Amino acid sequence: MTARAATKEKTDTKTEPKTSLAPPWNVIVHDDPVTLMNYVTKVFKQVFGYGADKAHRLMMEVHQSGRAVVWTGAREQAEMYVQKLQAHHLLTTLELVDG
Amino acid sequence: MWVAKVDEGWLFGDLTPASVETLTGVPMLIESSDARVRGRLLPETCDGEEDEQHWRQHAVPELERLFLSRAQLVRRDLAQMKKMPESVNGLLLIPFEHVNAWLAALNAARLALYALNDMTAEHMTPEGFVTATPKQQEAALRIDLLAEMQGVLLGDDDFESAGSFEDFVME
């Protein structure tokens, strides 16, 4: 609390622009040997509204690379997508974007 | 097993007693409290301990409720299963409006069977099947049967309606 007050005072006096954008989060789907490939494609289309080509490409990336970032953006929305993907039993994790 | 698309949904006929037993296991697998199953259906999601705890508190209860309600829906459809005429085999109707729930339920059941039987990716291949234990082989066959049903529910391009469900049911 104290540190925050000190920072505020400092920025106010120097009139620096306040650019506190929240960092983006990645929604990551991992490969598993059980889930059917066309089921994964269907879920991507259904959850994100992706077209058939994009959904298929992402599914193939999951299958071939073991994982794929399927969406990036604000944390709250990323959490919602993770929950929807897990509702369909895709192995999904949430990760803060590096940097 | 045969499949027909009827006015009300997908009809799976000539389900052997073993297939029926596999299907009746689906809701129980979704509801399993086994740590291996729960670990797969409700996996660790966040990197940090605090974030993970937040996830467990806020997102997981809703997922658990969804899984239970899905298990109930599948159980209700299974309770409506009929017997094939002059046969011990079963006849199951999956209404169109239940297809999405069934797809997810079948996926959950397959993942649960895989986890409960300590299977590996190798066991899912023809070469690995031979080296699996009898219990794992049985699980692999059940996983395949459920995949076959998922495959039908995923692609309806080649099917035309074969009439009404009632046409297939002979009291």
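Residues numbered from 1 in each chain as written. Chains lettered and ligands numbered in written order. Predicted model: local features only at pLDDT ≥ 70, side-chain atom pairs only at ≥ 80, totals over all residues.

Colleague: Mind showing me how you'd approach the interface of chain A and chain B here?
Modeller: How big an interface is tends to be stated in terms of accessible area lost as the parts join. In this complex, chain A contributes 18 residues to the contact, which on the side of chain B involves 23 residues. The set of elements that each furnish at least two residues to the side of chain A that touches chain B consists of α2 (37–48), α4 (75–87) and β3 (91–96) of chain A. Tallied by class, residues from the side of chain A that touches chain B come to eight nonpolar, seven polar and three charged. (Contact = placed C-beta atoms within 7 Å. Helix = DSSP H or I, 4+ residues; strand = E, 2+ residues; numbered from the N terminus. Nonpolar A, V, L, I, M, F, W, Y, C, P; charged D, E, K, R; others polar.)

Colleague: Help me out: how do you make sense of the confidence of the model for chain B in this one?
Modeller: Low pLDDT marks regions whose predicted coordinates should not be analysed in detail. Residue and element names in this part refer to chain B. Summarising the model, chain B shows a mean pLDDT of 92, and 91% of its residues fall at 70 or more. Taking the mean pLDDT of every element in chain B, the minimum, 89, falls on strand β3 (residues 82–83) and the maximum, 98, on helix α5 (residues 99–116). The complex prediction reports pTM at 0.86, with the ipTM value standing at 0.89. (pLDDT = per-residue confidence, 0-100.)

Colleague: Help me understand the sheet that holds strand β4 (residues 90–95) of chain B in this model?
Modeller: The strands making up a sheet associate through hydrogen bonds between their backbones, and the pairing can be parallel or antiparallel. Residue and element names in this part refer to chain B. Across the sheet, four strands lie side by side as β1-β2-β4-β3; this open sheet has antiparallel pairing. Strands with a single pairing partner mark the edges of an open sheet, and in this sheet they are β1 (2–5) and β3. Both strand β2 (residues 9–15) and β4 contribute to a ladder of five bridges, which runs antiparallel. Pairing of Trp10 across the sheet is with Ile94, part of β4. (Pairing = 2+ DSSP bridges.)

Colleague: Looking at this structure, how should I read the nonpolar core?
Modeller: The tendency in soluble globular proteins is for nonpolar side chains to be buried as a group. Residues and elements named next belong to chain B. Among the nonpolar cores identified, the biggest contains 62 residues, and Ala105, Ala108 and Ala109 are the most heavily contacted of them. Element by element, the count of residues in this core is highest for α5, at twelve residues. Every residue in contact with Ala109, bar those within four places of it in the chain, is listed here: Gly25, Val26, Leu29, Ile30 and Leu146. (Core = buried A, V, L, I, M, F, W, Y, C linked by C-beta atoms within 7 Å. Buried ≥ 20, exposed ≤ 12 C-beta atoms within 10 Å, placed from the backbone.)

Colleague: Even after reading the chapter, I still don't get unusual backbone geometry, so can you show me in this structure?
Modeller: For residues that are not glycine, phi is negative in most cases, and the peptide bond is trans in most cases. For His89 of chain A, which is not glycine, the phi torsion reads 75 degrees and is therefore positive. Given 29 C-beta atoms within a 10 Å radius, His89 of chain A is considered buried. Although it is not a glycine, Asp118 of chain B sits at a positive phi angle of roughly 50 degrees. The residue Asp118 of chain B is located in the loop between α5 and α6 (126–131) in this model. Among the residues examined, Asp118 of chain B registers 12 C-beta atoms within 10 Å and is labelled exposed.

Colleague: Got a minute to help me understand the sheet that holds β3 of chain A in this structure?
Modeller: Residues and elements named next belong to chain A. Strand order in the open sheet formed by three strands is β2-β1-β3, and the pairing between neighbours is antiparallel. Each of the sheet's edge strands pairs with one partner strand only, and the pair in question is β2 (67–73) and β3. Averaged over all neighbouring strand pairs, the angle between strand axes comes to 25 degrees, with direction disregarded. The pairing of strand β1 (residues 25–30) with β2 spans six bridges and is antiparallel. The residue bridging Trp25 from the neighbouring strand is Gly73, located in β2. (Axes fitted to C-alpha atoms, helices over the stretch in contact; angles between N-to-C directions.)

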